[in-house]
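Secondary and tertiary structure notes
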2 protein chains.
Amino acid sequence: MTRISDVAKHAGVSVATVSRVLVGQGSVSEATRERVLASVKALDYHPDLAARRLRSGKTDTLGLIVSDIRNPYFTEVSRAIEDVAYARGMRVLLCNADEDPAKERFYLDMMRDENVAGVILSPTLSLLNQYRAEDFSFPLVLVDRCDAKTEADAVVLDNIDAAQRLTRHLLERNCRRIAFFYGAASATGSQRLAGYQAALAEAGLSAITQPVKPTTDDARQALSTYLERHRQTPDAVVASSGLILLGLVEGLRQHGLRYPQDVIVAGFDDMPWTRIVTPDITVMAQPTADIGRTAIELLLARIAQPGQAMRRIVMRGELIVRGSSAA
Amino acid sequence: MTRISDVAKHAGVSVATVSRVLVGQGSVSEATRERVLASVKALDYHPDLAARRLRSGKTDTLGLIVSDIRNPYFTEVSRAIEDVAYARGMRVLLCNADEDPAKERFYLDMMRDENVAGVILSPTLSLLNQYRAEDFSFPLVLVDRCDAKTEADAVVLDNIDAAQRLTRHLLERNCRRIAFFYGAASATGSQRLAGYQAALAEAGLSAITQPVKPTTDDARQALSTYLERHRQTPDAVVASSGLILLGLVEGLRQHGLRYPQDVIVAGFDDMPWTRIVTPDITVMAQPTADIGRTAIELLLARIAQPGQAMRRIVMRGELIVRGSSAA
DNA sequence: CTGTTAGCGCGTTCAC
DNA sequence: GTGAACGCGCTAACAG
């Protein structure tokens, strides 16, 4: 492996000069600068990042901990984050906590040990409930999940409003018995539940709610169980996430129920498949690319200005009406 | 930040002893061992990974470079890899090259600079074509893409066989004009093309092939263009990947073509949505979890035994016949 | 503008 | 079984 001293020798300068050229700080004459750069190229020298990090205490690595890598919502957000990072020459350490607080803790510890510049995290409910800013030695931005009382930088959807508007849309379609399947393990699920309940309360209707694990399989199961236990099928079934929505649609098919004729369907996240099923599906779309981009920019701002006030950035969902809730 | 010297002072021993306890090498009396461990816990000490890496030259970080993070195939594979890594206490640095050779190079360089223990990569065609084992300073395992002449550890599907079996299935359904839409940018696409062609040759039929970018949007476009240019619709359309398959189904819907009545549809990758569309879709499924698990195990074996012979592990696809190719 | 020097925090010889 | 001392490769402070 070629080290900085090799470059220095080759260029006929000291290691300090080479370092200055590489880091771009301090002043170096144009002539020696070019000589150094030539030597770097000639020897194919690459600084050891571990050494650099140890010495300078700085990193250009960001951490990203998502709660489910298989959820297209998170891959879209990740991609947006990585695009920005790549454009700035930064690295992203992407980890999948899998909705498991232990795994989340493991990766959070790892981020600290790696001395990353900052972390973007979609927290488990467990972490959110006992969140204290002092527990984190690095700048942290929350995405997707955050409640009003949490004192942290965050980028989230206006979940209550979004769920409320989605539910109102179904009420306008004359649905009275609207069953809401939501992920009970996340703050997002409960907030969307609250929005749903608010809309029903406005209409003076009673809620039908079913907590599920935020997976397609569990949602399908839950719907099956529900349908088998109740003689009367609901007017509409609503999912608090794209993965759950997929489970509901699978479940309806299994039970031979057609939509929108037998039951209306709607949910969150404008996933590709919602457009190609027949009929296509009404969804509350999230601006995933915006969310990712905003999150990393918020993080970089926090890194640059550690003292600035906490900001919670709330995005508005977009209702996309399709065949599954056709009049 | 608490350092190893703090722990040493707290436990009343030297830094060397603390290090020995932590690394688990050299001999330490049980009594002092426990005392050190108690101090570590009391001070909440965590070794600085950068320093450790610099000194020891070793890492327990693995790199994973996928070519498209939004492709469910890769997220499934990633998850399997990360599960194994997590179980062994290792980290995974996951990056998204986005089918871009420049980005791929950037991340590969980064892996080298980070001194990762090894890398799992789904290479671009560009990299594969000029692949030389000597170019990589770290153990490397290829996934999803690799041709027979590449001298590298790899885990891939038997693409030729898989495409051939899928095509034969369509021939058995009496399809004669079978259009094959394939990702031209990857080795995988061309191999599947070869399998398709082989099956057609067996039957004495001529091929209809359409290279596309491996994205849903491009596939939809390509199908539209094809349909508009040719009066006669093909008997069947086949996609060389799940993303392309989605584009074909979208395109058929746009053009008001029903399947399997107007045209039969099939493709690769058993994605969740292929089960819920009506009719559901015949696919060649890949054992994604197995592929991921095998890849990381192959990498770990290579790290442990740098001298062992290169291995290419070829997996068999599973044909899942569904409604889109119903008789 | 440039070179010399001192650590960053840790693992690892070598003595004891 | 344990401690002292060195150096991994690099950056930053200080001289010149």
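Structure shown above.
Owing to the predicted nature of the structure, the values given are computational and were not obtained by experimental measurement.

Turning our eyes to something else, we now look at the sheet that holds strand S1 (residues 61-66) of chain B. Residues and elements named next belong to chain B. Pairing within the open sheet is parallel, and its 6 strands lie in the order S2-S1-S3-S4-S5-S11. Edge positions in the open sheet fall to strand S2 (91-96) and strand S11 (312-315), since each of these has one partner strand only. Looking at each pair of strands side by side, their axes are set apart by 15° on average, direction ignored. The pairing of strand S4 (residues 140-143) with strand S5 (residues 153-157) spans 3 bridges and is parallel. Counterpart to Leu-142 in the pairing with S5 is Ala-154. Along the sheet face, helix H5 (residues 72-87) touches S1, S2 and strand S3 (118-121) and points at about 175° away from the line of S1. Contacts between helix H6 (residues 101-114) and the sheet are confined to S1, S2 and S3, with S2 contributing the most and set at about 160° to the helix.

Contact residues are listed per partner, giving 46 residues for chain A and 46 residues for chain B. For chain A, the biggest contributors to the area lost against chain B are A:Arg79, A:Tyr86 and A:Ile276; these three give 16% of the whole. The shortest N-O distance in the salt bridge between B:Glu114 and A:Arg53 comes to 3.3 Å. Taken together, the elements giving at least two residues each to the side of chain A that touches chain B come down to helix H4 (49-56), helix H5 (72-87), strand S2 (91-96), helix H6 (101-114), helix H11 (242-254) and helix H12 (273-276) of chain A. No other element matches the 8 residues that H6(A) contributes to the side of chain A that touches chain B. Classifying every residue of the side of chain A that touches chain B gives 22 nonpolar, 7 polar and 17 charged.

A word on the relation of the copies chain A and chain B. With an RMSD of 0.1 Å, the operation that places chain A on chain B is a rotation of 180° combined with a shift of 0.0 Å along the axis. Such values leave the two copies arranged in the relation of a two-fold axis. In this assembly, 100% of the residues forming the interface of chain A have copies in chain B that are likewise at the interface, indicating an isologous arrangement.

If you check the shell around DNA strand D, you find 24 residues, and the closest are A:Ile4, A:Tyr45, A:Arg52, B:Thr17 and B:Ser27. Sugar plus phosphate: this is where 66% of the atoms of DNA strand D within 4 Å of the protein reside. Between DNA strand D and A:Ile4, the relevant distance is 2.4 Å, taken from a phosphate oxygen to a main-chain nitrogen or oxygen of the residue. Measuring from a phosphate oxygen of DNA strand D, one finds a side-chain N or O atom of A:Arg52 at 2.5 Å. If you list the elements that add at least two residues to the surface near DNA strand D, you get helix H2 (15-23) and H4 of chain A together with helix H2 (15-23) and helix H4 (49-56) of chain B. With 4 residues, the top contributor of residues to the surface near DNA strand D is H2(A). In terms of residue class, the surface near DNA strand D is built from 10 nonpolar, 7 polar and 7 charged.

Here we come to the layout of surface pockets. By volume, the largest pocket amounts to about 1400 Å³. Around the largest pocket, the lining is made up of 45 residues, and of these A:Arg70, A:Pro72, B:Arg70, B:Pro72 and B:Pro272 lie nearest the centre. Elements represented by at least two residues in the lining of the largest pocket include exactly H5, helix H10 (216-229), H11 and H12 of chain A together with H5, helix H10 (216-229), helix H11 (242-254) and helix H12 (273-276) of chain B. As a volume, the second largest pocket reaches approximately 1100 Å³. Together, 34 residues line the second largest pocket, and B:Pro47, B:Asp48, B:Leu49, B:Arg52 and B:Arg53 are the ones closest to its centre.

Calculation notes
Each chain carries its own residue numbering, running from 1 in the written order of its sequence. Chain A is the first chain written and ligand 1 is the first ligand written, with later ones labelled in order. The predicted nature of this model means local features are confined to residues of pLDDT at least 70 and side-chain atom pairs, given and counted, to a pLDDT of 80 or more, with totals for whole chains, interfaces and linings taken over all residues. Excluding hydrogens and water, the side-chain figures rest on all heavy atoms present in the structure. Any two strands are treated as partners once DSSP identifies two or more bridges connecting them. Strands are runs of DSSP state E lasting at least two residues, helices are runs of H or I lasting at least four, and both sets are numbered from the N terminus onward. Axis lines are fitted through C-alpha atoms, for helices just across the contact stretch, and the angle between N-to-C directions can take any value from 0 to 180 degrees. We call two residues in contact when some of their heavy atoms are within 4.5 Å. As a working definition, buried area equals the accessible area (1.4 Å probe) given up by two parts on being put together, with both sides summed. Salt bridge criterion: a side-chain nitrogen from Lys or Arg within 4 Å of a carboxyl oxygen from Asp or Glu. Three residue categories are used. Nonpolar comprises Ala, Val, Leu, Ile, Met, Phe, Trp, Tyr, Cys and Pro, charged comprises Asp, Glu, Lys and Arg, and polar comprises the others, including Gly. We place the copies in one frame by least squares, fitting the C-alpha atoms of every residue whose pLDDT is at least 70 in both. It suffices for a single heavy atom of a residue to lie within 4 Å of a molecule or strand for the residue to be listed as near it. Counted as a polar contact is a pair of N or O atoms within 3.5 Å, where, for protein atoms, one must be capable of donating a hydrogen and the other of accepting one, and residues adjacent in sequence contribute only when both atoms are in side chains. Cavities and pockets are found on a 1 Å grid laid over the protein atoms alone: a cavity is a set of points where a 1.4 Å probe fits but cannot escape, a pocket is an open set with protein on both sides within 12 Å along at least five of seven lines, and a lining residue has an atom within 4 Å of such a point. Grid points are joined across faces, edges and corners, and a volume is the space filled by probe spheres set on the points.

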